[in-house]
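Architecture and fold: a report
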Amino acid sequence: MSRLLVGATLALLLAGCDSGTGQNAENLSYEDLGPFKTDADGLVDVPWDMPEGVVSSEVFCGPYGYDTLATADDVTDASGSAVYDDDAPSSGGLRVSVLDDTLPVLVPVSPNLEAAAGTWTLGLYISASDLPTTVSCAAINRIGDTAATNTVDVNLVFVGVDGLSAGLNAQSGAGHEGLQSALTTLDDLWSDLGLAVGNVRYTDFDGATDTYTTIEGAEEFGDLLRTASDGPELTFFFVQDIDLGDGASILGLSGGPPGVAGYGGTSKSGVVINAADLDASPDEIALIMAHEGGHFLGLFHPTEKDLTGVDPLDDTPECSDSDGDGALTSAECAGSGAENVMWPTAQVGTATTFSADQGWVVARNPITIPD
Ligand SMILES: [Zn+2]
C-alpha cells in the first residue's frame, strides 16, 4: 500500500524528521484528497484548495502503474478560468508532463501563472487500458514569505557505486574528496539561481542494494524514488548506472518534472544520479545534480532537442532549428540555449547559467527555504 493512501498532515510526518531548519516546515501543509475514480474515458476532475497566502501548491495523483501514462486534460484556477489545456500545452504559464505511475502538477512553474487562494481543479486524464480506474490524490501547499536567495536541504542516499576511492557511504561521504568537490561545484552552479545547498544528510540505502545499484527500467527507477523520506529536502540517490531499457547509459534522472516536493513514498519523490564518474569527473556529477535537481524543483528544458516544446518561461533562451533538420544540437544552440544548465544535453564548462525566471520558480518550490 502506497503512503499516498495514508491520510496525515505533513507537519506530523516532519515531526520525526531530523532534517531541515523547521522554518519552512511550519509553512507547509499536506492534504489527503482521497480516492478519485475516472470515467470510462479516463477523465476525472480533482479539486484542491490553495490557502490564503499561498506561495506554491502541488497536487499529485497515483499510483496507476508504470505501464500507464497520465497528464492533465486541463487545469482551472480559483476563478474558474482554464489556465492549462493539453491541446495547447505551451500556450500558458503552466506546464504538465506526461508521466507514468504518478502525476504531479506544480503551481507556479512560471511567473506567468502564480498560485492564488481558492479551489483549483485538475482535469486528470489517465490513459489506462482498463477503465475506469481509481487513484489517490494529495496536495502540498506552501505559505509564507519568499526571498531572492534560498537554500534547499539535501539527502544523499548511497545505493551503491563501485570502484570509488575510499568507498562512498554515510560514514565516508562528508570526507569523500570527489563528493565534496561535486557539492562545492553544485553550490556554485546553483548560486546563479539564488539557491544554496543547505543541510546535507548522508544516508546509506537500506533496501535491496543488488537490485537498485544498477537501475534497469522505469519500474526500478520509480520504486527507488518511492523509498525517499518525507520532509522538505531534495533526495539524490547515487547509483552505479541507469538504463531505462534501451541499453543507453543515462547520467541522471529526476522524478517528474516536477518532482513530488516534500513527500516520500511516490515514484516522483527524488532524483537518481549516475555517480560512476564521481572520482574522475566531480564537475560532471555536479552538473547532473544541478540539472536534475532543477527539474525536481519545477524547471523544464528551455527548448526540447526534438523541437517538441519550450519551457513556460519568457526569459530563457530559445534555440531555432537553423539547419532545418528537425533536431537541435549543442553546437547549433551555442549562444541561444546551450549555456543554460537546463539545456537537455548540458556540457561541463558550457552550461553554467540560469535565468532570473528560473530562480523565481525555484524560490517558490515547497521545499526551498527563503534566506
Ligand atoms: Zn533534463
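The numbers attached to residues start from 1 for each chain and follow its sequence in the written order. Predicted model: local features are reported for residues with pLDDT of at least 70 only, side-chain atom pairs are reported and counted for 80 or more only, and whole-chain, interface and lining totals are derived from all residues.

1. A short note on the overall build of the protein
Operational definition: Put simply, DSSP H or I for four residues or longer makes a helix, DSSP E for two residues or longer makes a strand, and each gets a number counted from the N terminus. For a compact globule the rule gives 2.2 Å times the number of residues to the power 0.38, and the radius of gyration it is set against comes from C-alpha atoms. Here a residue counts as buried when 20 or more other C-beta atoms fall within 10 Å of its C-beta, as exposed when 12 or fewer do, and as partly exposed in between; the C-beta atoms come from the backbone. By the criterion used throughout, residues are in contact when their C-beta atoms, derived from the backbone, lie within 7 Å.
Regarding its fold elements, the protein presents six helices and 17 strands. Scaling as 2.2 N^0.38, a compact globule of 371 residues should have a C-alpha radius of gyration of about 21 Å, and the protein matches this with 19 Å. The buried share of the protein, reckoned over its 371 residues, is 49%. For the protein, contacts bridging at least 24 residues in sequence account for 74% of all contacts bridging at least 6.

2. Remarks on the domain arrangement of the protein
Our working rule: Boundary definitions for the domains trace back to an automatic or database domain assignment.
Entries for the protein in the domain assignment read domain 1 (3–143) and domain 2 (150–301 + 339–370). Spacing between the C-alpha centres of domain 1 and domain 2 amounts to 23 Å. In this assembly, 35 residues from domain 1 lie in contact with 33 residues from domain 2. Contributing elements (two or more residues each) for the side of domain 1 that touches domain 2: α1 (10–15), β1 (28–37), β3 (54–62), β6 (99–100), β7 (103–107) and β9 (134–143).

3. Section: unusual backbone geometry
A cis amide bond links L131 with the next residue in sequence, P132, at an omega value of 0°. Take P132: it is sitting in the loop between β8 (118–126) and β9. The omega angle of the peptide bond from G256 to P257 is 0°, so this bond is cis rather than trans. Considering the arrangement of structural elements, one finds P257 in the loop between β15 (252–254) and β16 (271–274). Of note in this structure, D101 is not a glycine but carries a positive phi near 65°. As for its placement among the helices and strands, D101 is situated in the loop between β6 and β7. Classification of D101 by C-beta neighbours within 10 Å gives buried; the count is 26. Of note in this structure, L307 is not a glycine but carries a positive phi near 65°. The residue L307 is located in the loop between α5 (282–296) and α6 (356–364) in this model.

4. Thoughts on helix α4 (residues 218–225)
Among all positions in α4, only E220, F221, G222, L224 and L225 are buried. Of the surrounding elements, those touching the buried residues of α4 are α3 (209–212), β12 (214–216), β13 (234–239), β15 and β16.

5. Section: the packing of helix α2 (residues 177–191) against α5
The following threshold applies: With axes taken as lines fitted to C-alpha atoms, and helix axes fitted only over the stretch in contact, angles between N-to-C directions fall between 0 and 180 degrees. Roughly parallel means an angle under 35 degrees; roughly antiparallel means over 145; roughly perpendicular covers 65 to 115; every other angle is labelled oblique. Here a crossing is taken to be left-handed if its near helix is turned anticlockwise relative to the far helix by less than a right angle, and right-handed if that turn runs clockwise.
With their axes 8 Å apart at the nearest point, α2 and α5 run at an angle of 45° to one another. Taken together, the axes of α2 and α5 lie oblique to each other. Considering the relative orientation of α2 and α5, their crossing is right-handed. Packed against α2, whose contacting residues are G178, S181, A182, T185, L186, L189 and W190, the element α5 presents P282, D283, I285, A286, L287, M289 and A290 at the interface.

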